[in-house]
Amino acid sequence: MPDDALHPYGRMAALKRADELAAYIERLGVALGFDRELTAGEHAPLGQAYSLGEQRIGNRFCILPMEGWDGTEDGRPSALTFRRWRHFGESGAKLIWGGEAVAVSHDGRANPNQLLASDHTQASLADLRRALVSAHQERFGSSDDLFVGLQLTHSGRFARPNQKNRLEPRILYHHPLLDPKFGIDPGHACLTDGEIGKIIENFVRAAVRAQDAGFAFVDIKHCHGYLGHEFLSARRRPGRYGGTLENRTRFLTEIVQGVRRDAPGLLIGVRLSAFDLIPFRMGSDRRGEPEEFTGPYDCGFGVDASNPLRIDLTETFRLLDVLDRLAIRLVCISGGSPYYNPHIQRPALFPPSDGYEPPEDPLAGAARLIAVTSEIKARYPHMAIVGTGYSYLQEWLPHVAQHYVRTRQVDFVGLGRVVLAYHDLPADVLRGAPLQTRRLCRTFSDCTTGPRNGLVSGCFPLDPFYRGHPQAALLKVAKQQVKI
Ligand SMILES: Cc1cc2nc3c(=O)[nH]c(=O)nc-3n(C[C@H](O)[C@H](O)[C@H](O)COP(=O)(O)O)c2cc1C
Ligand code: SF4
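As a convention, each chain's residues are numbered from 1 in the sequence order in which they are written. Working convention: letters from A go to chains and numbers from 1 go to ligands, in the order in which they are written. Side-chain atom pairs in this predicted model are given and counted only at pLDDT of 80 or more, local residue features only at pLDDT of at least 70, and totals for whole chains, interfaces and linings cover all residues. Excluded from the side-chain calculation are hydrogens and water; included are all heavy atoms of the structure.

### Concerning the pattern of salt bridges
So, step 1. Think of a salt bridge as a Lys or Arg side-chain nitrogen and an Asp or Glu carboxyl oxygen that are within 4 Å of each other. Tallied over the entire structure, the rule returns 36 salt bridges.
So, step 2. Between Asp-107 and Arg-170 there is a salt bridge, with its nearest N and O atoms 3.2 Å apart. Within this pair, whereas Asp-107 is found in the loop between strand 5 (101-103) and strand 6 (115-116), its partner Arg-170 is found in the loop between strand 7 (147-153) and helix 4 (178-181), the two being separated by 63 residues in sequence.
So, step 3. Accessibility expressed as a relative area gives 27% for Asp-107, which makes it partly exposed.
So, step 4. Arg-442 is the salt-bridge partner of Glu-395, the closest N and O atoms lying 2.8 Å from each other. Taken together, the residues span a long stretch of sequence, with Glu-395 in the loop between strand 13 (384-387) and helix 12 (397-406) and Arg-442 in the loop between helix 14 (425-430) and helix 15 (446-452) at a distance of 47 residues.
So, step 5. Each of Lys-181, Arg-281, Glu-289, Glu-291 and Glu-292 takes part in a single network of salt bridges with overlapping partners. Under the scheme used here, helices are H or I runs from DSSP no shorter than 4 residues and strands are E runs no shorter than 2 residues, and both carry numbers assigned from the N terminus. The classification of residues rests on relative accessible area computed with a 1.4 Å probe and restricted to protein chains. Under 20% of the type maximum is buried, over 50% is exposed, and intermediate values are partly exposed.

Okay, structure coming up:
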């Protein structure tokens, strides 16, 4: 185990035996369960099908949405996008949660290469889904139990539709920490209720397009600091969309009503930042530290206002009650934001170029995501709950995944970064093959550093395709400049 100043945390790869993992978890003082033995074959917990109404979802692996910053400028998928989606299809996972964030309008794009739901992109989005399904069929023989959705987004505060390095924020209220952090002027206009109405229409139109393109469900994205998530904390906003929780969930409710009206039969899911912490910044020792704030912190969701370094799920449960009343059964749990507290959102040993050294053992971050998910599953047993935070577990991913599915603390194990590097890990686990450890994500964060420096995303360290990609050299230069 390394014990230098910046990386005092143990490495998962060094934990060779189950006893060592158990002792490490105990020393860390977190709650994290795992199965010592893995079961493959017909009785494998991870191989069991899940029934979502009439739909059978063939196993318990889910591919989480991940963009590659590699669409065309007019919002269509590129060859790189197709490659990633084909990999998702070949992964062996039977639930594809959204593929990647697709903007419902140009001004809501998170970068000028984000996919866009529009007339001129319609055929290509249908092709993208077909490519994923065909890849799945070719490898596994059938796609009857494959369930594929599309994630719909508006990037709100983090919109960069025209230039990779220029924020064009569409905000709901002035945030006392995020405004100065991202250079948003106090005079910057907030979205009006009328503009919000137009965005709702765009979401509904995009859902109709997704249905026409063959997707079985849409995710109305409410996570990671983007617009849907910002609504949940818009207590300071006056009017119909701010203040009370009823008002803060009106955006979601009106989208759901519109989708049910215009795209009957299309299922709806919500990916949610179920908890948050106050924004972090890099401290003098390069380690993350919380931004200073005095008084109750009323600008987060799922965070304790009196101590914003602690989570508080009171309102999260009230939001889940709203989802329940709206008959939404598909929920994917995430937390925080990659822009202001990446260590809770995608735990990593090595930070991205705009991040900070981890202020906690990344295993604690993974355990937090998993524990919150279990708490939610216990209260909403009838919902199909997808968990996040498994990539950091590396060699122990299958053991933790099996434990939480077997004990019904989660329905689907969501996989993010690990499938960028090792896309068919689910297939290997399901057939009981040993993990190909050389392909395991070691959380180097290059897939985040790339886009932060205007490059495409991909697993540059481990995927031979990206290792040989012309942008690999540019990434190296960008990393040297920031000396991460
Ligand atoms: C390169 C990259 C792109 C991502 N894009 C999205 C996205 O489009 N939508 C989304 O909800 N989450 C996105 N995420 C977050 C992941 O879905 C996931 O929550 C996160 O990586 C943590 O899971 P992991 O530990 O398995 O990687 C992205 C993450 C990465 C690394
Ligand atoms: S670049 Fe590869 S190894 Fe690094 S975090 Fe991303 S997927 Fe993992």
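### Comments concerning empty space enclosed by the protein
So, step 1. Here a cavity denotes grid points, spaced 1 Å and computed from the protein atoms alone, that fit a 1.4 Å probe unable to get out, and a pocket denotes an open set having protein on both sides within 12 Å along at least 5 of 7 lines; residues with an atom within 4 Å of a point are the lining. Grid points are joined across faces, edges and corners, and a volume is the space filled by probe spheres set on the points. Considering all chains together, one arrives at 5 cavities of 30 Å³ or more under this definition.
So, step 2. If you add up the space inside the largest cavity, you get close to 450 Å³.
So, step 3. Taken together, 32 residues line the largest cavity, and the ones lying closest to its centre are Pro-65, Met-66, Arg-271, Gln-345 and Arg-346.
So, step 4. Taken together, the elements giving at least two residues each to the lining of the largest cavity come down to strand 14 (412-415), helix 13 (417-421) and helix 15.
So, step 5. Roughly 130 Å³ of internal volume is contained in the second largest cavity.

### Notes on the site of ligand 1
So, step 1. When we say a residue is near a molecule or strand, we mean one of its heavy atoms is within 4 Å of it. With respect to spatial proximity, 21 residues lie near ligand 1, and among them Gln-151, Arg-271, Ser-391, Gly-416 and Arg-417 are the closest.
So, step 2. Counted as a polar contact is a pair of N or O atoms within 3.5 Å, where, for protein atoms, one must be capable of donating a hydrogen and the other of accepting one, and residues adjacent in sequence contribute only when both atoms are in side chains. At 3.3 Å from a nitrogen atom of ligand 1 is found a side-chain nitrogen or oxygen belonging to Lys-221.
So, step 3. Arg-417 places a polar side-chain atom, nitrogen or oxygen, 2.7 Å from an oxygen atom of ligand 1.
So, step 4. For the accessible areas, the method is Shrake-Rupley and the probe is 1.4 Å, while residue cover comes only from the protein chains on display. Relative to its unbound accessible surface of 610 Å², ligand 1 loses 99% to contact with the protein.

### Things to note about the layout of surface pockets
So, step 1. Looking at the largest pocket, its volume works out to about 430 Å³.
So, step 2. If you trace the largest pocket, you find 24 residues lining it, with Arg-160, Tyr-339, Asp-354, Pro-451 and Arg-452 closest to the centre.
So, step 3. When contributions to the lining of the largest pocket are tallied by element, the ones reaching two or more residues are strand 10 (280-282) and helix 15.
So, step 4. Looking at the lining of the largest pocket element by element, the count peaks at 3 residues for strand 10.
So, step 5. Ten residues, namely Ala, Val, Leu, Ile, Met, Phe, Trp, Tyr, Cys and Pro, are considered nonpolar, four, namely Asp, Glu, Lys and Arg, are considered charged, and the remaining ones, Gly among them, are considered polar. Its residues assigned to classes, the lining of the largest pocket comprises 13 nonpolar, 5 polar and 6 charged.
So, step 6. Quantified by volume, the second largest pocket comes out at close to 220 Å³.
So, step 7. For the lining of the second largest pocket, the per-class residue count stands at 9 nonpolar, 3 polar and 3 charged.

### Some words on the site of ligand 2
So, step 1. Close to ligand 2 lie Arg-417, Leu-420, Cys-441, Arg-442, Thr-443, Phe-444, Ser-445, Asp-446, Cys-447, Cys-459, Pro-461 and Leu-462, which account for all nearby residues.
So, step 2. For the shell around ligand 2, the class distribution of residues is 7 nonpolar, 2 polar and 3 charged.

### With respect to the packing of aromatic side chains
So, step 1. Between rings of Phe, Tyr and Trp, where Trp is taken as its six-membered ring, a pair exists when centres lie within 6.5 Å; planes separated by under 30 degrees are stacked, by over 60 edge-to-face, and by other angles tilted. For the structure on display, the rule yields 18 aromatic pairs.
So, step 2. Where Phe-350 meets Phe-444, the ring centres are 5.4 Å apart and the plane angle is 35°; that geometry is what we call tilted. Within this pair, whereas Phe-350 is found in the loop between helix 10 (342-345) and helix 11 (362-379), its partner Phe-444 is found in the loop between helix 14 and helix 15, the two being separated by 94 residues in sequence.
So, step 3. An aromatic cluster is defined as three or more aromatic residues linked by ring pairs; in this entry it consists of Phe-158, Phe-182, Tyr-226 and Tyr-339.
So, step 4. When the NZ atom of lysine or the CZ atom of arginine is within 6 Å of a ring's centre and also within 35 degrees of its normal, the charge is said to sit over that ring. When the ring centre of Phe-412 is taken as origin, the NZ or CZ atom of Arg-60, which lies over that ring, is 5.9 Å away.
So, step 5. When the ring centre of Phe-465 is taken as reference, the NZ or CZ atom of Arg-83 above it lies at 4.0 Å.

### Some points on the environment of Gly-283
So, step 1. Along the chain, Gly-283 falls in the loop between strand 10 and strand 11 (288-290).
So, step 2. The spatial distance from the C-alpha of Gly-283 to the C-alpha of Asn-59 is 43 Å, given a sequence separation of 224 residues.

### Details of unusual backbone geometry
So, step 1. With a phi angle near 50°, Gln-394 is a residue other than glycine that sits in the positive phi range.
So, step 2. In this structure, Gln-394 sits in the loop between strand 13 and helix 12.
So, step 3. Here Gln-394 falls in the buried class, since its relative accessible area comes to 5%.

### Quick look at the side chain of Gln-345
So, step 1. If you trace the backbone, Gln-345 turns up in helix 10.
So, step 2. At 3.0 Å, the side chain of Gln-345 forms a polar contact with the side chain of His-224.
So, step 3. Each residue touching Gln-345, except ones within four places of it in the same chain, is listed here: His-224, Ser-334, Gly-335, Gly-336, Ser-337, Pro-338 and Leu-369. Any two residues whose heavy atoms approach within 4.5 Å at even a single point are treated as in contact.

### Digging into the side chain of Thr-121
So, step 1. By the element assignment, Thr-121 lies in the loop between strand 6 and helix 3 (122-140).
So, step 2. Among the polar contacts listed, one links the side chain of Thr-121 to the backbone oxygen of Leu-116, at a separation of 2.6 Å.
So, step 3. Of the polar contacts made by the side chain of Thr-121, one reaches the backbone nitrogen of Ser-118; its length is 2.9 Å.
So, step 4. Residues within four places of Thr-121 in sequence aside, it is in contact with Asp-74, Gly-75, Arg-76 and Leu-116.

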